[in-house]
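# Coordinates in review
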Amino acid sequence: METGIACCARGAYLPGVSQHSKAPVSPQSISPSCSSRSLKSSSLFGETLRFVPRSSLKVSKAKNPSLVTRCEIGDSLEEFLTKATSDKGLVRVLMCMGEALRTIAFKVRTASCGGTACVNSFGDEQLAVDMLANKLLFEALTYSHFCKYACSEEVPELQDMGGPTEGGFSVAFDPLDGSSIVDTNFSVGTIFGVWPGDKLIGVTGRDQVAAAMGVYGPRTTYVLALKDYPGSHEFLLLDEGKWQHVKETTEIGEGKLFSPGNLRATFDNVDYDKLINYYVKEKYTLRYTGGMVPDVNQIIVKEKGVFTNVISPSSKAKLRLLFEVAPLGFLVEKAGGYSSDGHQSVLDKEIINLDDRTQVAYGSKNEIIRFEETLYGKSRLKSEGVPVGAAA
């Protein structure tokens, strides 16, 4: 195992505290002068990774990348990744993002909420938890040494992380999706997609080499998928601070579970109204929190259901293709499900601008057929032309 990966896996615990203690403790404080461009060794990721010189981190791939060892339930995150991919640069990026997710989970869990924001400490500063998460993720990507560009939904501008173009990656992320419902104690999460090289414009979601989400709820989980390895995989954060592989999803089946977003669009989108009425008439179970991460995650965990977020003349698209829709589409489709913007998979939509937005549906094959036929009269997923459900 490479030294760099081992360093990243050590975690961010206070000096002198056993890694095997039963409860995680507060991460080391982060220097307030830190930024995504200039980081001191006293910062969180600087402290855990500063002993790894950039020159020692080289791209290393197996001669035959198809020869990978089968991953198993119970593997640590590090064990899983080293079996699932021969790209050690990608392993390092995903390990370092795992470090960030663990710290964000702690900061969300201990946030002080009042008025209009939930805040926590970032060194000597008090920051809103979404901005704190934003800083932590930029730090993680800087100290991975394999991220060329990163871009956040909070500030949709490319930031140079200093990694290589050849053998490096570009990462787009939503640091804390659902930050407005942290105070209500609903589950929230982080979403990110990883693209090869130095491009986040002129690419599609299908070009991703990996995507993931962190889910901060009663359990803290890290759900990820790799382009060249089957399935979407859930890792649970254990008491001792390690990520353990607990679930593999390779098939999304049929089941009456629905999460309808942007219901105000039913006022002047009669076809969306028709679809929602179908779900109610057919006695689907409503499971909707208002947080995109938990609402999409349940499709992967329960291996059934549908999530919709539809536009109308008076209710425009809000979900961002680069930061939310494409990475989650990658996770759902790797899990055996389907996605759609009404006409095509969201993974086939080209990203023209960093802030591109779209409507979306995720779910099983029949649910996506029903979604497309009800809203637009036909579905690319079937050829026989027989309407399904609400479209009949």
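You'll find the structure just up there.
I will try to describe carefully the structure that is included in this document. In this text, all values refer to a predicted model and were calculated from it rather than measured experimentally.

This part takes up the overall build of the protein. When helices and strands are tallied, the protein shows 9 helices and 18 strands. In the protein, which comprises 392 residues, the proportion classed as buried is 57%. Put simply, 64% of the contacts in the protein that link residues at least 6 apart link residues at least 24 apart. As displayed, the protein offers around 16300 Å² of accessible surface, 50% of which is attributable to carbon and sulfur atoms.

Attention now moves to unusual backbone geometry. What you tend to see is this: most non-glycine residues have negative phi, and most peptide bonds are trans. Of note in this structure, N185 is not a glycine but carries a positive phi near 70 degrees. Looking at where N185 falls in the secondary structure, it is placed in the loop between β6 (169–177) and β7 (188–196). Non-glycine residue N262 carries a positive phi angle of around 50 degrees. Tracing the backbone shows N262 in the loop between β12 (257–261) and α6 (270–281).

It is worth spelling out the packing of helix α4 (residues 88–109) against helix α5 (residues 129–144) at this point. Between α4 and α5, the shortest axis-to-axis distance is 9 Å and the interhelical angle comes to 155 degrees. In terms of their interaxial angle, α4 and α5 are classed as roughly antiparallel. In terms of crossing hand, the pair formed by α4 and α5 is right-handed. Each of R92, V93, C96, M97, A100, T103, I104 and K107 in α4 lies in contact with α5, whose residues at this interface are V129, L132, A133, L136, L137, A140, L141, Y143 and S144. Tallied by class, the residues present in the contact of α4 with α5 amount to 13 nonpolar, 2 polar and 2 charged.

Further remarks concern the sheet that holds strand β1 (residues 112–114). The strand order across the open sheet formed by 3 strands is β1-β2-β3, and the pairing between neighbours is antiparallel. Of all strands in the sheet, those with a lone pairing partner are β1 and β3 (125–128), marking the two edges. Adjacent strand axes in the sheet meet at a mean angle of 35 degrees when their direction is disregarded. With 3 bridges joining them, β1 and strand β2 (residues 117–122) adopt antiparallel strand pairing.

Per the stated rule, a full pass over the model turns up 1 cavity of 30 Å³ or more. In this structure, the largest cavity spans a volume of roughly 40 Å³. When contributions to the lining of the largest cavity are tallied by element, the ones reaching two or more residues are β10 (229–237), β11 (243–249) and α7 (292–302). Broken down by class, the residue content of the lining of the largest cavity amounts to 3 nonpolar, 4 polar and 3 charged.

Here the focus is helix α9 (residues 365–376). For α9, with 12 residues, the first-to-last C-alpha span of 16 Å sits near the 16 Å given by 1.5 Å per residue. Here α9 lies mainly inside the structure; 9 of its 12 residues are buried. For α9, the full list of buried residues reads E367, I368, I369, R370, F371, E372, E373, T374 and L375. At the C-terminal side of α9, G377 shows a positive phi close to 85 degrees.

Within a regular strand, the side chains alternate between the two sheet faces. Neither face of strand β18 (residues 360–363) is open: one carries V360 and Y362, the other A361 and G363, and all of them are buried. Across 4 bridges, the pairing between strand β14 (residues 306–309) and β18 is antiparallel. Looking across to β18, one finds that V306 is bridged to G363. Relative to β18, strand β16 (residues 338–340) runs antiparallel, the two sharing 3 bridges. Within β18, the position partnered with Y338 by the bridge is G363.

Overall, the coordinates contain 1 disulfide when judged by the stated rule. Two residues, C113 and C118, share a disulfide whose sulfurs are 1.9 Å apart. Linking C113 and C118, the disulfide has an S-S dihedral of approximately 110 degrees and is accordingly described as right-handed.

How each quantity is defined
Residues numbered from 1 in each chain as written. Predicted model: local features only at pLDDT ≥ 70, side-chain atom pairs only at ≥ 80, totals over all residues. Heavy atoms only, no water. Helix = DSSP H or I, 4+ residues; strand = E, 2+ residues; numbered from the N terminus. Buried < 20%, exposed > 50% of the residue type's maximum accessible area, 1.4 Å probe, protein only. Contact = heavy atoms within 4.5 Å. Areas by Shrake-Rupley, 256 points an atom, 1.4 Å probe, with all protein chains shown as cover. Axes fitted to C-alpha atoms, helices over the stretch in contact; angles between N-to-C directions. Parallel < 35°, antiparallel > 145°, perpendicular 65-115°, else oblique. Left-handed = near helix turned anticlockwise from the far one by under 90°. Nonpolar A, V, L, I, M, F, W, Y, C, P; charged D, E, K, R; others polar. Pairing = 2+ DSSP bridges. 1 Å grid on protein atoms, 1.4 Å probe; cavity = no way out; pocket = protein on both sides within 12 Å on 5 of 7 lines; lining within 4 Å. Points joined across faces, edges and corners; volume = space filled by probe spheres on them. Expected span 1.5 Å × (residues − 1). Disulfide = S-S within 2.5 Å.

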